[in-house]
Structures are given as C-alpha cells and as structure tokens.
Amino acid sequence: MVFKSRIKWIALLVMILSVGSLLVHLSMTKSSGVQLAYYARDTLWQDFDSLLGAKDFRNKHLWRPVKSLETLQPYANPRNSYPAPTSKNNGFIYAKIFGGFDKIRSSICDLVTISRLLNATLVIPELQESLRSKGISNKFKSFSYLYDEEQFISFLKNDVIIAKALPESLKAARKRNEFPLFKPKNSASPKFYLEDVLPKLKKANVIGLIVSDGGCLQSTLPDSMPELQRLRCRVAFHALQLRSEIQVLGKKMVERLRKSGQPFLAYHPGLVRDKLAYHGCAELFQDVHSELIQYRRAQMIKQRFISEELIVDSHLRRDNGLCPLMPEEVGILLKALGYSQKAIIYLAGSEMFGGQRVLIPLRAMFPNLVDRTSLCSTEELSELVGPETPLPENTFEMPPQKSDKQLKEEWNKAGPRPRPLPPPPDRPIYQHEKEGWYGWLTVNDTEPSPSPMDLRNQAHRLLWDALDFVVSVEADVFFPGFNNDGSGLPDFSSLVMGQRLYERPSSRTYRLDRKVIQELFNITREDMYHPNRNWTMLVRKHFNSSLGESGLIRQSMLSKPRLFISHPLPECSCRTSALEDSRQIRSDDGRFLYGGEDECPKWIKSAGVEKSKTDDGDQPDYEHDLLAEQSETEEEFAKSKVASAFDQDEEWDPND
C-alpha cells in the first residue's frame, strides 16, 4: 500500500512539473512573438517604406507645379471694341446635341460662337443623351441635367442673347418642320455660316442645327476673329458651370482624396469602344472584347465613317501611337518616374472597356487606385441622379423549344445520307449569361437596340463624367491615357488638359507622345517589370520635357487644330512677364506654337503677386527644380531609392 501511494505522489509531481514547464514555454513563446511582431512592424516595414519612397523627400518634386509656366495667367476678356448684342437680331437658333460629356461641352462652345457670328438669339441647346432616357428625374432636364442654366445665360449676356425656349408663336411651326434644318460638320467654316446659313436665317427667322460630331465650327478661325476664340474660352471656362449638386459632390471627392494630407494623381485611360474600333485596336484585348471592337468597326465601315479594312495590325497601330496606353503600361511608366507604391491615383472615366480585368496589373502596382464608387456612397450618387421613375424589370425569356415536327423537318432537310448524328440538345442559356451589355453575343450576330435601362445608364454617364471632370481638373497631376487620337472628335482628356492649362497653367499635366513611349517599350517589352537605368532615364527625360515648352508645342500642333479649348493659347492667356522673342515659336503658316500671349493688365499682375506670396508660404521649398531633374547625373540616379526598387524589388510583377 505504501509503495502504491508513493507512485501516486510521484505521478502527481511529474504532472505538476509538466504543466509548469508548458506554461513557461507558452509565456516565452508569446513574449518572443510579440517582440518579433514589433521588430517586423517598426524595423522591416520602415525599410520597405523607404525602399518604395513613401517617405522619401526627394519624390516631392513629382507633385510640384512647373515653374517655367507660372508667368501664364487666364485672361479671356475682350481686348478690342466688342459691342453688346441687341434684341433686334437676325432670328433664333435652336440645336440638338448628340453624344457624351466631351461632345456636349465642345458643341455648346461652338453654338454660342456661331450665334455671335450670325447675330442671332440662341435657344438653350437640347442634350439628347438625357432626353432619350424615359423616366429620368423631372428635377433636372436636358441642359440643366448637367449645367446651371441661369449662370450660362447671365454670364454671356454681353456676348449672346440666350432664350430658354422658342416663343410660343414659333413652337407649332417647329413641330411641323417648317424651319430650315442643318447638320454641319465639326469642320464647318465661318464662310459656310455667313453665305449658306445666314440668308436662310434672315428669311425664316428660325433655323435648327443638329450637332453630332462634337462640334459644328472649325477649331482654327481666321486671324481676324480672335474675339470669337476668346468667346469660346469664356463659354467653356466660365459660363458652363456644372449644376451645384455636381460641384458640391465633386469638391467632397477632392477633399476626401486629400484628407490624408497627400497629393493625388488623376488618370483617364481613354478605353472607349468607339475609339478602339476607329483605330483598330482589337488585338490588344481578348475574348469577347475583341469581338465587340471588331463588330463596332464593321459598323463604322458600313456607315462610311472610316474607309479602311476591317482587320488591321493592332500592334503596328499601337507602335504608331494610335492606340491608348494600357493600364499596365501606365503603371510601369509611373514606377519609372519614381511614384511611390502608396501614391493615390484617381481613375476617371465613366466607360472602362475591358472592365476591371485590364486594371489588375495597375492595381497590383498601386493599391491606392480609387474611383467615384470608392469615394461616394450609393446614397450620394442617387441624390445626384434625383428621383427617377422605376423601369419595368427586364424579364428573361427562355428560347422557345422546337416541336417534334420541326425537328423531323430539319432532319429531313439535313442532306444526303450517310447523315451525321443529330447535334446534342441545345444547352439552356441562363439569365446570368444574358445580363450585361455584351450578352447579345451569346445569342445572335446583331447588336440589339439600346434597352430603356441602357439609355438611362447613358444619361447617368454624363453625371459620372462630370464628377470625374471636377476631380481631374483639381488633381495635383493629370495623366492622359488617350488624347490626340487623330479621329478629329473631342475626348475627355483633352478637355481636362485645356481646362487645367487655362485655370492653372503651371499645374503638372503630362503631354506625352505615345509613339515615343511605344518605341521605349519595344526596347524592354520582354522584361518590362525590370527595366535598366538607361531606359528609366529616357522615360523621365520624355515626361519631364512634356511638362513644359516641348509639350505645349506638341499640343498646339496636334490638339488645337481639332479642338480649340484643349489648347487655348495664346488667345485666352496673358503673361505677367514678357517672353523673349527668341523663345517664341511659330508654325509655317505664321501661327504661334509657343508664346505670343499679351502682357497681363496691372490688376492681374498684382493679384498674381499676392497669390504667389500665399503659395510660397503654404508650400515647402523643394530641393530640385525641373531643369535639375532633367540633368540628373548617373551617380545621382544610382543613389535613388526608387532606382534600387527597379533593380531589386522582386514583388513588382503582379503575375508572381
């Protein structure tokens, strides 16, 4: 009995020692784990941030204004004798505008200019994109769906008389189509309006214009009409104010982007189906998206909008700069410029052809990629749209099953024997396969007419583009993905670049040459995620030069002849200090490509001095200016932590 009791005591002691040992080991493991976590958080993460350049003071030069353009100031006021309009004029002009946000904005500028040219009263233009949608909010209709009517009328009272509608005595005649109707092209000259349109306006007292090309007056006007060009600027940059609800929400979005105290970059990809089809960029996409582009291109050929073959070499078009930069390429370029992985990038554009799939590489390189859905709640966007009439649900109907008689008839018509086995029964097409704007591809070869929901979504896109326009204009940096595409139609990026050039000429706006960029990519396309230093230096040199004089010259040559408000220099600006004659550059026809602005009045100079003092006090003094950045030596580049990230960071590739 004594022996058994001793064994029990020994077993109990062993159990107590085992439990104590286990507790000691657990406490040691916990303390060491906490220390390791603190070490990883405080030491390793700091090294990672330093590698990315998140806290690198040197990267601040990527966000600062361009000093060489700070002497430019907005000045669109009339310079010479400019009589105010009178009520006794040649009649009324009413207009229907087709197209999206970019076409609407440029078309309105042309309509006001034509009304001034013909000494006519302009009736508030009708925006068909909002009128075609049934059941949209009665609170906002047609022009007021986007813009402030009262501001538009009052600001232009010294330029053009604007009426909200035709007089009652003329409305019935318009319904009976008694007035002349014109469909001018965006290349129509002032001579066309003075010789062809004006006589009919004087005779009928009313004419109608249908504008579908994003404009109805040529961009470059004769040298004798500089005041008409300045009128375009007053319309685009002052009179066309977005309605208050859009402006308030847009400013909230900018405040939320800057809430962290960091600047942000706005990027517009320009991946629009019509533009991709026009230039034949189908091979840059995959699967159903290539088919959709080719189908649209076939439609354009049939409509004689383009006179080219259906199948073209998309890669050759891309190398010539005729296709947009893909988001993956944009991410690599931003990395080459030195932007940190933590940089905030706002994605603008209501249409993103290719969907979220094409954004995966860019989001992997820059996780802080946001858009309006990230910054606004569903309630805020719904309030912007206003109360709408509910649309009937899109009832899905299964394809009708074939009867036994139809199957036998098809079998008898199948051809001579031996006949192949009958095909297996058709797989049912489920509802989720029909949803989406490209669902028709699973059923037939013809694109259906837009449904009521499609038309409503098109109207909503006007509002989303308007929000993106506000944010892009206010951004610290703007990166266009596809401007100056050569189609002759206005584009969102060009409008933003023109607005920024007018309001804040020194704001950081990249005006790159896509052909040069593709030549650089062809050098390192096999290893894009690990380029060498020389390649990175070439990218930086091109981008830095695009910010200043060479970028403005390129814009003046390519963008201004197609859309004046995309490059309103020198007509709508002035300089606080005169530019040397040796730095002024003219084209072969004598037009100014760089320089040529008038000297600013004293009140603008004094206001500019006060503003510069305020800005100097608010903004830090960066250690490098643009010229120093362009002349960066190889030794300085070797010291750059961003450069080391290119050569060493194996987590760059999102495919890893």
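Refer to the structure above for everything that follows.
An account of the accompanying structure is given in this report. Keep in mind that what you see is a predicted model, and the values were worked out from it rather than measured.

Calculation rules
Residues numbered from 1 in each chain as written. Predicted model: local features only at pLDDT ≥ 70, side-chain atom pairs only at ≥ 80, totals over all residues. Heavy atoms only, no water. Helix = DSSP H or I, 4+ residues; strand = E, 2+ residues; numbered from the N terminus. Buried < 20%, exposed > 50% of the residue type's maximum accessible area, 1.4 Å probe, protein only. Areas by Shrake-Rupley, 256 points an atom, 1.4 Å probe, with all protein chains shown as cover. Phe/Tyr/Trp six-rings, centres within 6.5 Å; stacked < 30°, edge-to-face > 60°. Core = buried A, V, L, I, M, F, W, Y, C linked by side-chain atoms within 4.5 Å. Contact = heavy atoms within 4.5 Å. Pairing = 2+ DSSP bridges. Disulfide = S-S within 2.5 Å. Axes fitted to C-alpha atoms, helices over the stretch in contact; angles between N-to-C directions. Parallel < 35°, antiparallel > 145°, perpendicular 65-115°, else oblique. Left-handed = near helix turned anticlockwise from the far one by under 90°. Nonpolar A, V, L, I, M, F, W, Y, C, P; charged D, E, K, R; others polar. Right-handed = clockwise from strand over helix to strand, strands pointing away. Salt bridge = Lys/Arg side-chain N within 4 Å of Asp/Glu carboxyl O. Patch = residues over 30% accessible without salt bridge, like charges linked within 9 Å, V, L, I, M, F, W, Y side chains within 5 Å.

## Overview of the overall build of the protein chain
And step 1. In terms of helices and strands, the protein chain carries 26 helices and 16 strands.
And step 2. Taking all 656 residues of the protein chain together, the buried fraction comes to 47%.
And step 3. Surface exposure of the protein chain reaches about 34500 Å², of which carbon and sulfur atoms provide 54%.

## Digging into the packing of aromatic side chains
And step 1. Scanning all chains against the criterion turns up 17 aromatic pairs.
And step 2. Here the aromatic rings of Phe101 and Phe492 are separated by 6.3 Å at their centres, their planes lie at 45 degrees, and the arrangement is tilted. Taken together, the residues span a long stretch of sequence, with Phe101 in helix α2 (residues 101-118) and Phe492 in helix α19 (residues 492-503) at a distance of 391 residues. Here Phe101 and Phe492 have matching classes, each one buried.
And step 3. Seen in terms of ring centroids, Phe521 and Trp535 are 5.8 Å apart; in terms of plane orientation they differ by 55 degrees. Their pairing is tilted. Note that Phe521 is positioned in helix α20 (residues 514-524) and Trp535 in helix α21 (residues 533-546), a separation of 14 residues in sequence. The exposure classification of Phe521 matches that of Trp535, with both residues buried.
And step 4. An aromatic cluster of three or more residues is present, and its members are Tyr267, Phe479, Tyr510 and Phe543.

## A closer look at unusual backbone geometry
And step 1. Cis geometry is found at the peptide bond from Leu569 to Pro570, where omega equals 0 degrees.
And step 2. Note that Pro570 resides in the loop between α22 (549-558) and β13 (573-575).
And step 3. Backbone geometry places Asn177, a non-glycine residue, at a positive phi of 60 degrees.
And step 4. Assignment of secondary structure puts Asn177 in the loop between α5 (168-175) and β6 (181-182).
And step 5. For Arg304, which is not glycine, the phi torsion reads 60 degrees and is therefore positive.
And step 6. The residue Arg304 is located in the loop between α10 (287-302) and α11 (314-319) in this model.
And step 7. Given a relative accessible area of 77%, Arg304 falls into the exposed group.

## Re the nonpolar core
A general tendency of soluble globular proteins is for nonpolar side chains to be buried together.
And step 1. Counting residues in each nonpolar core, the largest one holds 88 residues, and the members touching the most others are Leu146 and Phe152.
And step 2. Non-local contacts of Phe152, meaning those with residues more than four positions away in its chain, are made with Ile108, Val112, Ile124, Phe143, Ile162, Val235, Ala239 and Leu240.
And step 3. With 59 residues, the next largest nonpolar core counts Trp63, Ala282, Leu333 and Ile553 among its residues.

## Considerations on the sheet that holds strand β8 (residues 264-268)
And step 1. Strand order in this open sheet of five strands is β10-β9-β8-β11-β12, and the pairing throughout is parallel. Strands with a single pairing partner mark the edges of an open sheet, and in this sheet they are β10 (369-370) and β12 (508-509).
And step 2. Across two bridges, the pairing between strand β9 (residues 344-347) and β10 is parallel. From the neighbouring strand, Tyr346 faces β10, where its bridge partner is Val370.

## Details of the pairing of β8
And step 1. Among the five residues in β8, five count as buried, and that is most of the element.
And step 2. The alternating pattern of β8 places Phe264, Ala266 and His268 and Leu265 and Tyr267 on opposite faces, both of which are buried.
And step 3. As defined by bridge partners, β8 adjoins β9 across four bridges and the pair is classed as parallel. Each residue of the ladder has a partner; that of Phe264, found in β9, is Ile344.
And step 4. For β8 and strand β11 (residues 477-480), the ladder comprises four bridges, and the chain directions are parallel. When the bridges of β11 are listed, Leu265 appears paired with Val477.

## A closer look at the sheet that holds strand β1 (residues 72-74)
And step 1. Judged by pairing direction, the sheet is mixed, and its three strands sit side by side in the order β1-β13-β16 without closing on themselves. Two strands close off the open sheet at either side, each with one partner strand: β1 and β16 (598-599).

## Focus on the state of the cysteines
One covalent bond between the sulfur atoms of two cysteine residues makes up a disulfide.
And step 1. Taken as a whole, this structure holds three disulfides when the rule is applied.
And step 2. Here the cysteine-cysteine linkages of the protein chain are recorded as 1-4, 2-3, 5-6, numbering only bonded cysteines and doing so in sequence order.

## What to know about the packing of helix α8 (residues 244-257) against helix α15 (residues 378-385)
And step 1. Interhelical geometry of α8 versus α15 gives an angle of 155 degrees and a closest axis separation of 9 Å. On the basis of their axis angle, the class for α8 and α15 is roughly antiparallel. By crossing handedness, the relation of α8 to α15 is classed as left-handed. Counting all contacts with α8, which are made through Glu245, Ile246, Leu249, Lys252 and Arg256, the residues of α15 involved are Glu380, Leu381 and Leu384.
And step 2. In terms of residue class, the contact of α8 with α15 is built from four nonpolar, no polar and four charged.

## Considerations on the pairing of β9
A regular strand carries its side chains on alternate faces of the sheet.
And step 1. The two faces of β9 match: Ile344 and Tyr346 on one face and Ile345 and Leu347 on the other face are all buried.
And step 2. In this fold, β9 hands off to helix α13 (residues 360-365), which returns the chain to β10; that crossover is right-handed.

## With respect to the pattern of salt bridges
And step 1. By the definition in use, this model includes 24 salt bridges.
And step 2. Where Asp598 meets Arg79, a salt bridge forms, and the shortest distance between an N and an O atom there is 3.1 Å. Linking Asp598 in strand β16 with Arg79 in the loop between β1 and β2 (92-97), this pair joins segments that are 519 residues apart in sequence.
And step 3. On the basis of relative accessible area, Asp598 is assigned to the partly exposed category, the value being 35%.
And step 4. Between Arg456 and Glu388 there is a salt bridge, and its shortest N-O distance comes to 3.6 Å. Note that Arg456 is positioned in helix α18 (residues 452-474) and Glu388 in the loop between α15 and α16 (404-412), a separation of 68 residues in sequence.
And step 5. Residue Glu388 is classed as partly exposed on the basis of its relative accessible area, which comes to 23%.

## Considerations on a nonpolar patch on the surface
And step 1. On the surface, a nonpolar cluster with roughly 410 Å² of combined accessible area is contributed by Val19, Leu22, Leu23 and Leu26.
And step 2. If you trace the backbone, Leu23 turns up in helix α1 (residues 2-52).
And step 3. Given the relative accessible area of 55%, Leu23 is considered exposed.

## Focus on the environment of Gln584
And step 1. When you line up the elements, Gln584 lands in the loop between β13 and β14 (585-586).
And step 2. Judged by relative accessible area, Gln584 falls into the partly exposed class, the value being 27%.
And step 3. In this structure, the C-alpha to C-alpha distance between Gln584 and Glu597, residues 13 residues apart in sequence, is 9.8 Å.
And step 4. Those residues in contact with Gln584 that lie beyond four places of it in its chain are Leu579, Phe592, Tyr594, Gly595 and Gly596.

This is a description of form; function is not addressed.
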